[in-house]
Protein chains: 2
Amino acid sequence: MPRLKLTIAYVGTGFHGWQTQARKDKVVPTIQGIVEAQIARISGCPVHLHGAGRTDAGVHAEAQVAHVDVPEAKGDIDWQVALNTSLPPGIRIVEAVRAPDDFHAQHHAIRKTYDYRLWLSRRYTPPWLHPFVWACGPLDVARMDEAARFLVGTHDFASLRNAGTDVLSTVRTMLSITRRPSGPLPAEATCGRAVLTWRFEADGFLKQMVRNSMGLLVAVGRGKLAADDIPAILAAGDRRRAPATAPAHGLTLKRVWYA
Amino acid sequence: MPRLKLTIAYVGTGFHGWQTQARKDKVVPTIQGIVEAQIARISGCPVHLHGAGRTDAGVHAEAQVAHVDVPEAKGDIDWQVALNTSLPPGIRIVEAVRAPDDFHAQHHAIRKTYDYRLWLSRRYTPPWLHPFVWACGPLDVARMDEAARFLVGTHDFASLRNAGTDVLSTVRTMLSITRRPSGPLPAEATCGRAVLTWRFEADGFLKQMVRNSMGLLVAVGRGKLAADDIPAILAAGDRRRAPATAPAHGLTLKRVWYA
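These remarks concern the structure in this document.

How each quantity is defined
Residues numbered from 1 in each chain as written. Chains lettered and ligands numbered in written order. Predicted model: local features only at pLDDT ≥ 70, side-chain atom pairs only at ≥ 80, totals over all residues. Heavy atoms only, no water. Helix = DSSP H or I, 4+ residues; strand = E, 2+ residues; numbered from the N terminus. Contact = heavy atoms within 4.5 Å. Areas by Shrake-Rupley, 256 points an atom, 1.4 Å probe, with all protein chains shown as cover. Axes fitted to C-alpha atoms, helices over the stretch in contact; angles between N-to-C directions. Left-handed = near helix turned anticlockwise from the far one by under 90°. Core = buried A, V, L, I, M, F, W, Y, C linked by side-chain atoms within 4.5 Å. Buried < 20%, exposed > 50% of the residue type's maximum accessible area, 1.4 Å probe, protein only. Pairing = 2+ DSSP bridges. Phe/Tyr/Trp six-rings, centres within 6.5 Å; stacked < 30°, edge-to-face > 60°. Lys NZ or Arg CZ within 6 Å of the ring centre and 35° of its normal. Arc of directions from axis to C-beta. Polar contact = N/O pair within 3.5 Å; in protein donor to acceptor, adjacent residues only side chain to side chain. Salt bridge = Lys/Arg side-chain N within 4 Å of Asp/Glu carboxyl O.

## Topic: the overall build of chain A
- Looking only at helices and strands, one finds 6 helices and 10 strands in chain A.
- For chain A, the spread of C-alpha atoms along the three principal axes comes to 60 × 45 × 40 Å.
- Within chain A, counting contacts between residues at least 6 apart in sequence, those at least 24 apart form 72% of the total.
- Element-wise, carbon and sulfur atoms account for 51% of the exposed surface of chain A, whose accessible area totals about 11,400 Å².

Right under this line is the structure:
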């Protein structure tokens, strides 16, 4: 069975996240479920699509990565074209290539990059931006920069992890947190300065760790916490000590890195 | 009854165009219908919202203009805030101001500007761009520039008008047709060069005149027509002589001009 490595872009709006959900009463549209169904249809047999990680409902991806084994006879077809013909326009195959038989989209990932977009204006959010930003209003960005420095490095991120997955360790290395005044988003010409894109890179992220990190930085930017409260929050190892999770729809999985 | 001038932005996806549609079997979500209902709710009485013009289902607006008369007691409330609180996020009030009692959004408009966005790549359309571009593939843009010159000026545009509205004359003045290599759209950083935005300005547009003009220019860009076929197509005064209408979702009403 040839193994394929797929790179997948999607707008999370309208889907129930990445992961297939088994519900007895109805079929829930998820990215994994929809792509898997199309690969199975073309393959003529059931397949299993392994993603590099789950994304929550409403989260977008520019380059999610997944692997799948397809029948020998289907190994050399143009999977990008075949899938893009049948997938909904909100999901696109950016690349489909043959991968080594032992390639594993999740286990072999060494780093991930996420972007989180904030809308800083007090004015209305332009309708074309709405699905891609958290409209959090004005923030003290200098304070957020100061706070971000406390999150970079190797820490136990238990305080920034939501429950629901089993992991052996809650220690991760946040490689960098950077920001740009505006992201690659709609209507930059008219309102670019009000979009602030935060980029998070880590060797791995716990469940909702980016959204919880963003929620923490925004709380600092609003003056509800001081930057130097952060070490104590991390040290507590208690989710209840950190502020609320930032909304899903501001988040985009930008890249999954392999060695 | 104080008159308000509203400037309205919307993403056309998911709405059945601007104009309220009377159907006996069900309520059809239109921009006019939804905004009118919210103004009526706040006013406590029925109102009528007059738009500068209709936009088709799927067409977007950065600045549609409309006028409405509201009860005296409601003249001075902050209509922008009041409406944005209750409207769906796909529709936003950009501005709400008191207007002279005789201001008429449609009759007093002296010029309109529309943008039409093309996606020129043979590759897949990024999912966040899909609702905003016509993915027409590679085009000979120099030929389109040549063709556009034949549309600028005062002409009978009957060949580029779809049936369905009564107008006294099909003569209009196309003030300019210009293009920019990329528009204010999602993911410019990664794919900007593949977006080509055409801007059409006229003293008024007939029904689907921008979409038919774009369809004509794309036919020239694909080599199906020569630029100098255009004078004969216009002279024929016959819609059947011109190519098919370009898809609605590439079109955005950019601005309505008043004296």
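## Examining the packing of helix α3 (residues 141-151) of chain A against helix α5 (residues 209-221) of chain A
Residue and element names in this part refer to chain A.
- Their axes nearest at 8 Å, the elements α3 and α5 cross at an angle of 140°. Of the two possible hands of crossing, α3 and α5 adopt the one that is right-handed. For the pair α3 and α5, the contacting residues are R143, M144, A147, A148 and L151 in the first and S213, M214, L216, L217, V218, V220 and G221 in the second.

## A closer look at the nonpolar core
- In terms of nonpolar packing, the biggest core is built from 72 residues, with L6, I39, L118, W198, F200, M214 and L217 of chain A touching the most fellow members.
- When residues in this core are grouped by element, the largest group, 8 residues, is from α5 of chain A.
- Those residues in contact with L217 of chain A that sit more than four places away from it in its chain are M144, A147, A148, L151, I177, W198 and F200 of chain A.
- With 71 residues, the next largest nonpolar core counts V59, F103, L118 and L160 of chain B among its residues.

## Things to note about the pairing of strand β9 (residues 195-202) of chain B
Residue and element names in this part refer to chain B.
- The element β9 is extensively covered by neighbouring structure, given that 7 of its 8 residues are classed as buried.
- Sheet topology places strand β5 (residues 109-119) next to β9; 8 bridges connect them, and they run antiparallel. Within β9, the residue paired with R117 across the bridge is T197.

## Topic: the environment of G58 of chain B
Residues and elements named next belong to chain B.
- Positionally, G58 belongs in the loop between β2 (50-51) and β3 (60-69).
- Under the relative-accessibility criterion, G58 is labelled buried at 14%.
- Each C-alpha atom, one on G58 and one on D78, is 29 Å from the other, the two residues being 20 residues apart in sequence.
- Non-local contacts of G58, meaning those with residues more than four positions away in its chain, are made with G12, T13, F15, A248 and H249.

## Description of the packing of aromatic side chains
- For the structure on display, the rule yields 8 aromatic pairs over all chains.
- Lying across the ring of W257 of chain A, R255 of chain A places its NZ or CZ 3.6 Å from the centre.
- Looking at R111 of chain B, its charged tip hangs above the ring of W257 of chain B, at a distance of 4.1 Å from the centre.

## A short note on the environment of R240 of chain B
Residues and elements named next belong to chain B.
- With respect to the element layout, R240 can be found in the loop between α6 (230-236) and β10 (251-258).
- Residue classification places R240 among the exposed positions, given a relative accessible area of 74%.
- C-alpha separation for the pair R240 and L160, spaced 80 residues apart in sequence, amounts to 9.1 Å.

## Regarding helix α2 (residues 79-86) of chain B
Residue and element names in this part refer to chain B.
- Of the positions making up α2, those classed as buried are W79, L83 and N84. One face of α2 carries all of its buried residues, which in axial projection span an arc of 115°.
- The N-cap of α2, judged by a side-chain oxygen 3.2 Å from the amide nitrogen of Q80 a few residues on, is D78.

## Notes on the pattern of salt bridges
- Evaluated as defined, the whole model comprises 22 salt bridges over all chains.
- The partner of D145 of chain B in a salt bridge is R179 of chain B, with the nearest N and O atoms 2.6 Å apart. Here R179 of chain B lies in strand β8 (residues 171-180) and D145 of chain B lies in helix α3 (residues 141-151), a separation of 34 residues in the sequence.
- Of the residues examined, R179 of chain B reaches a relative accessible area of 37% and is grouped as partly exposed.
- Connected through shared salt-bridge partners, E62, D115, R117, R180, R199 and K254 of chain A make up one network.

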